[in-house]
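A structural walkthrough
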Amino acid sequence: ATLNIQMSLTPKGLEQWQSVVDLTFDYINMIRTEGIKQRYFDEISQVSETAFRFEEASSPIGKVSRLAMQMQDVAPMDSFAPDKYAKVLDRLNRNNVRVSLLSPEPLADDAPHTEHYDTVYQVTSLKDTRLAKASDALVSELKLPEPNPFIPENFDIVKGATMDKPALLKGSGE
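Quick notes on the rules
Residues numbered from 1 in each chain as written. Predicted model: local features only at pLDDT ≥ 70, side-chain atom pairs only at ≥ 80, totals over all residues. Heavy atoms only, no water. Helix = DSSP H or I, 4+ residues; strand = E, 2+ residues; numbered from the N terminus. Rg over C-alpha atoms; globule rule 2.2 N^0.38 Å. Buried < 20%, exposed > 50% of the residue type's maximum accessible area, 1.4 Å probe, protein only. Contact = heavy atoms within 4.5 Å. Patch = residues over 30% accessible without salt bridge, like charges linked within 9 Å, V, L, I, M, F, W, Y side chains within 5 Å. Areas by Shrake-Rupley, 256 points an atom, 1.4 Å probe, with all protein chains shown as cover. Salt bridge = Lys/Arg side-chain N within 4 Å of Asp/Glu carboxyl O. Core = buried A, V, L, I, M, F, W, Y, C linked by side-chain atoms within 4.5 Å.

Some points on the overall build of the protein chain
- Helix and strand counts for the protein chain come out as 6 helices and 0 strands.
- The secondary structure elements of the protein chain, listed N-terminal to C-terminal, are α-α-α-α-α-α.
- Expected size for 174 residues packed as a compact globule is a radius of gyration near 16 Å; at 23 Å, the protein chain overshoots this value by more than 25%.
- Principal-axis analysis of the C-alpha atoms places the extent of the protein chain at approximately 75 × 45 × 40 Å.
- Expressed as a percentage of the 174 residues in the protein chain, the buried residues total 16%.
- The long-range share in the protein chain, meaning contacts at least 24 apart out of those at least 6 apart in sequence, stands at 77%.

As structure tokens, this is what we get:
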């Protein structure tokens, strides 16, 4: 199994990609140290449930195909399982990673080419590339997200008087 983390970097970030990778592992270590909190699981569950409940209509075969593909990737988790999360976090480390870096900068003329697309590429072991240590100032700014106050929980229709046609509630619209 793999876990993919994708980032888009600015040109300056691309110059410092080793520090970005290091900072990513600092964040993973922070999660490992602080533990996975129940509220994160609950938020993700609520957002997923809402997305499923209010999903735009699609063809039944399209929906079944998409759900079947998703089920092959990750088994659905019905309950909060911090021990399982800790086991995954233990496997996420600097010695067990593959970093793919896509850059507009050209590679050397003698770089290998893909067989079918004639695209240059380069493979380098991270053991040969020292990851630059992210600054302590950046590491100290890492924080887990605060609870999201905008996740809806109640979808009941509000009872009350109705109107024949919509009415402007505030402002003139200009």
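From this point, things continue past the structure.
Section: a nonpolar patch on the surface
- A cluster of nonpolar residues, L3, I5, M7, L9 and L101, forms a patch on the protein surface that exposes about 460 Å² of accessible area.
- The exposure class of L3 is exposed, given its relative accessible area of 54%.

Thoughts on the nonpolar core
- Residues W17, V21, F25, I28, M30, I31, Y40, L89, L92, L142 and L144 constitute the largest nonpolar core, which totals 11 residues.
- With 6 residues, the single largest contributor to this core is helix α2 (residues 17-34).

Just geometry here; none of it tells us what the structure is for.
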